[in-house]
Amino acid sequence: MALTGIQIYKLLPQTNCKECGYPTCLAFAMKLAAKQVELSACPYVTPEAKTQLAESAAPPIRMIALKSDGYEAKAGNEVVLFRHEKTFYNKPGLFIRVYDDQPLEAIKALVSEANGYAVNYVGMDLTVDGFAVASKAGDPAAFANAVQAVRSVSKRPVMLMTRDANTAKAGVKTLQGETPLIYGADAKNWESFADLAKEAKSALGVIAGSLAETAELTDKIKAKGVEDLVIDPGGRDLGLGLANSTVIRRLAIKKNFRPLGFPVIAFPGDAGEAGMEAVHAAQAIAKYAGFIVLDHFSPAMVYPLLVLRQNIYTDPQKPIQVQPGIYEINAPKPESPVLVTTNFSITYFSVANEVEGSGLPAWLLVTDAEGMSVLTAWAAGKFDAERIAKAIKGFNVADKVSRKRVVLPGHVAVLSGELEGELPDWEIRVGPREAVDLPAFMKQAL
Ligand code: SF4
């Protein structure tokens, strides 16, 4: 049972030494109760208190990391139900499933294509996280060969999907030194699977008929010494899947219910509704999967899922930023205008997309406004004439243009006089307020 801040405070040294980064032990205790800090931040907790606090301090959803050579897919460690309460930390891993009765060359071709796919989104490369090999052939050797085929073209983490312990063992053997997910343990096989997961130091997927049975099974497996579990909430249709995932998340976070305090795995393709896999996957990303296994790979399906996942798992208090600098749009020439904006990614992409779509060449100067949009940055004193002039000089914009002409966003027309003072040999123009009006402005006024 989770301890309250006051109960935790009574177990702390109460010296207010501040070494944990908080002014008092009580402040630290409150943060600990809210699961916003690690107990290890206080170096003076006694071993007895540590034991008492360990259970309370553990994250409500255990973090599970699937590892391979140079790659890691992490899930769990979440502390809130809704992103606006704080943030979501570990993006659900997207895995592509192959079957061991497929020709090995077909497995390699699919895995190779998915493995090489990357979406560049606001300066980040988004990719799938790994592959799941499912047993259909009922033959450990065929399973091992399929795992080997995956490993020959991708180094990303692997899930081993079988209910047969010998088949799982054959898969584990081919992944020596890695941490795969063995999926999975059910009411019949759980003892042999728990032994295997313990020996291989792997994570173990748990499958049961209901949430109550799942909780019972995770308790039994934990008692055997396997803590890294991933739970299959069942319910393959949208409604039941959502209900089960939400109940698990609520029980884990609000009630600190340890038997269900593990990441959830989702199988969007298992609903069997043609063309609906992406919809199921999108729901799983939002609520509340830790791992998602897709049956199909196509850029058209995976691209929006990667972007959706990135947006949901972006800290709302830390805007996504683009690198400040001078960007070329539509192969600008020396006489092309210099447009100015901030480094808030949505602002940057709004401006860049409008100008790019118009086909008109321009230089786009992105100034460092700490990731804020134009008006917010101006109001906060992060986007002013001095900063713009500094960026023009710092990025040597004058060397690129023959006509020194800079266009301010219309929302900060008020800066034009000051900017003339900062850049006396430049022509300062005031552009439109909205990015959508830029092409017409460029055609008519520049
Ligand atoms: S480091 Fe420990 S003893 Fe010091 S203020 Fe923080 S909680 Fe209290």
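Scroll up for the structure.
Residues numbered from 1 in each chain as written. Predicted model: local features only at pLDDT ≥ 70, side-chain atom pairs only at ≥ 80, totals over all residues. Heavy atoms only, no water.

A. Examining the overall build of the chain more closely. A tally of helices and strands in the chain yields 16 helices and 17 strands. On the principal axes, the C-alpha backbone points of the chain span a range of 80 × 65 × 40 Å. Counting every position in the chain, which comprises 446 residues, the buried fraction comes to 49%. Taking all contacts inside the chain whose residues are at least 6 apart in sequence as the whole, residues at least 24 apart take part in 66%. Taken as a whole, the chain presents about 20200 Å² of accessible surface, with 52% of it coming from carbon and sulfur. Considering the chain, the positive charge centre built from 47 side chains and the negative charge centre built from 49 side chains are found 4 Å apart. (Helix = DSSP H or I, 4+ residues; strand = E, 2+ residues; numbered from the N terminus. Buried < 20%, exposed > 50% of the residue type's maximum accessible area, 1.4 Å probe, protein only. Contact = heavy atoms within 4.5 Å. Areas by Shrake-Rupley, 256 points an atom, 1.4 Å probe, with all protein chains shown as cover. Lys, Arg positive; Asp, Glu negative; His and termini not counted. Charge placed at Lys NZ, Arg CZ, Asp CG, Glu CD.)

B. Just the side chain of Asn189, in detail. With respect to the secondary-structure elements, Asn189 resides in the loop between β8 (181-185) and α7 (190-200). When sequence neighbours within four positions are dropped, the list of residues in contact with Asn189 reads Arg163 and Gly184.

C. Structural detail: the site of the ligand. Taken together, the neighbourhood of the ligand is formed by Pro13, Thr15, Asn16, Cys17, Lys18, Glu19, Cys20, Cys25, Phe28, Cys42 and Pro43. Of the residues that constitute the shell around the ligand, the class distribution is 7 nonpolar, 2 polar and 2 charged. (Near = heavy atom within 4 Å. Nonpolar A, V, L, I, M, F, W, Y, C, P; charged D, E, K, R; others polar.)

D. Representation of the sheet that holds strand β14 (residues 338-342) within the structure. Strands sit in the order β13-β15-β14-β16-β17 across an open sheet of 5 strands; the sheet is mixed. For this open sheet the edge positions go to β13 (325-329) and β17 (427-430), each flanked by a neighbour on one side alone. The sheet shows a mean angle of 30° between the axes of neighbouring strands, taken without regard to direction. As paired strands, β14 and strand β16 (residues 405-408) are joined by 2 bridges and run parallel to one another. Bridging from a neighbouring strand, Val338 pairs with Val406 of β16. (Pairing = 2+ DSSP bridges. Axes fitted to C-alpha atoms, helices over the stretch in contact; angles between N-to-C directions.)

E. Up close: the pairing of β8. Within β8, 5 of the 5 residues are buried, which leaves it mostly tucked inside the rest of the structure. Sheet analysis places strand β7 (residues 158-161) next to β8, joined by 3 bridges and oriented parallel. Counterpart to Leu160 in the pairing with β8 is Ile182. Considered for its hand, the β-α-β crossover made up of β7, helix α6 (residues 165-173) and β8 is right-handed. Inspection of the sheet shows β8 paired to strand β9 (residues 203-207) by 4 bridges, in the parallel sense. Within the sheet, the bridge partner assigned to Ile182 lies in β9 and is Leu204. Following the chain from β8 across α7 to the adjacent parallel β9, one finds a crossover that is right-handed. (Right-handed = clockwise from strand over helix to strand, strands pointing away.)

F. Molecular detail of the environment of Pro157. Following the sequence through the fold, Pro157 ends up in the loop between α5 (140-153) and β7. Residue classification places Pro157 among the buried residues on the basis of a relative accessible area of 0%. As a C-alpha pair, Pro157 and Ile207 span 50 residues in sequence and 21 Å in three-dimensional space. Contact partners of Pro157, with chain neighbours within four places excluded, come to Leu66, Lys67, Ser68, Tyr71, Glu72, Ala73, Phe95, Asp129, Gly130, Phe131 and Arg151.

G. Region of interest: a nonpolar patch on the surface. A cluster of nonpolar side chains, namely Ile6, Leu26 and Met30, defines an oily patch on the protein surface of about 240 Å² accessible area. Of note, Met30 is situated in helix α2 (residues 25-33). What makes Met30 partly exposed here is its relative accessible area of 41%. (Patch = residues over 30% accessible without salt bridge, like charges linked within 9 Å, V, L, I, M, F, W, Y side chains within 5 Å. Salt bridge = Lys/Arg side-chain N within 4 Å of Asp/Glu carboxyl O.)

H. Up close: unusual backbone geometry. Residue Tyr183 is joined to Gly184 through a cis peptide bond whose omega torsion reads 5°. The residue after Lys287, namely Tyr288, is reached through a cis peptide bond having omega -15°. You can see Tyr288 is positioned in the loop between α10 (277-286) and β12 (291-294). In this structure, Gln14 is a non-glycine residue whose phi angle is positive, near 60°. Inspection of the secondary structure puts Gln14 in the loop between α1 (5-11) and α2. Residues other than glycine seldom take positive phi values, yet Asn330 does so here, at roughly 55°. Structurally, Asn330 can be placed in the loop between β13 and β14. Using a relative accessible area of 28% as the deciding quantity, one classes Asn330 as partly exposed.

I. Highlighting the nonpolar core. Membership of the largest hydrophobic core comes to 63 residues, with the highest contact counts inside it found for Ile182, Leu204, Ile221, Ile292 and Leu294. With 6 residues, the top contributor of residues to this core is helix α11 (residues 299-312). For Leu204, the residues in contact, after removing those within four places along its chain, are Leu181, Ile182, Ala185, Phe193, Ala194, Ala197, Ile221, Val226, Asp228, Leu229 and Val230. Among the nonpolar cores identified, the runner-up in size contains 24 residues, and Trp363, Ala391, Val406 and Leu408 belong to it. (Core = buried A, V, L, I, M, F, W, Y, C linked by side-chain atoms within 4.5 Å.)

J. Looking closely at α5. The end-to-end C-alpha distance of α5 is 21 Å, a good match for the 20 Å that 14 residues give at a rise of 1.5 Å each. Turning to α5, its buried residues number three or more, namely Ala142, Phe143, Ala144, Ala146, Val147, Ala149, Val150 and Arg151. Check the buried side of α5 and you find it contacts β1 (64-68), β3 (93-99), α4 (104-116), β6 (130-134), β7 and α6. Two or three places before Ala141, at the start of α5, stands the capping residue Asp139, its side-chain oxygen 3.0 Å from that residue's backbone nitrogen. (Expected span 1.5 Å × (residues − 1). Polar contact = N/O pair within 3.5 Å; in protein donor to acceptor, adjacent residues only side chain to side chain.)

K. Main features of the pairing of β9. Within β9, 5 of the 5 residues are buried, which leaves the element mostly enclosed by the surrounding structure. The side-chain alternation of β9 yields two buried faces, one formed by Ala203, Gly205 and Ile207 and the other by Leu204 and Val206. Direction of pairing for β9 relative to strand β10 (residues 229-232): parallel, over a ladder of 4 bridges. Paired with Val206 across the strands is Ile231, a residue of β10. Taken together, β9, helix α8 (residues 211-223) and β10 form a β-α-β motif whose crossover is right-handed.

Interpretation note: all reported values are geometric properties and have no functional meaning in isolation.
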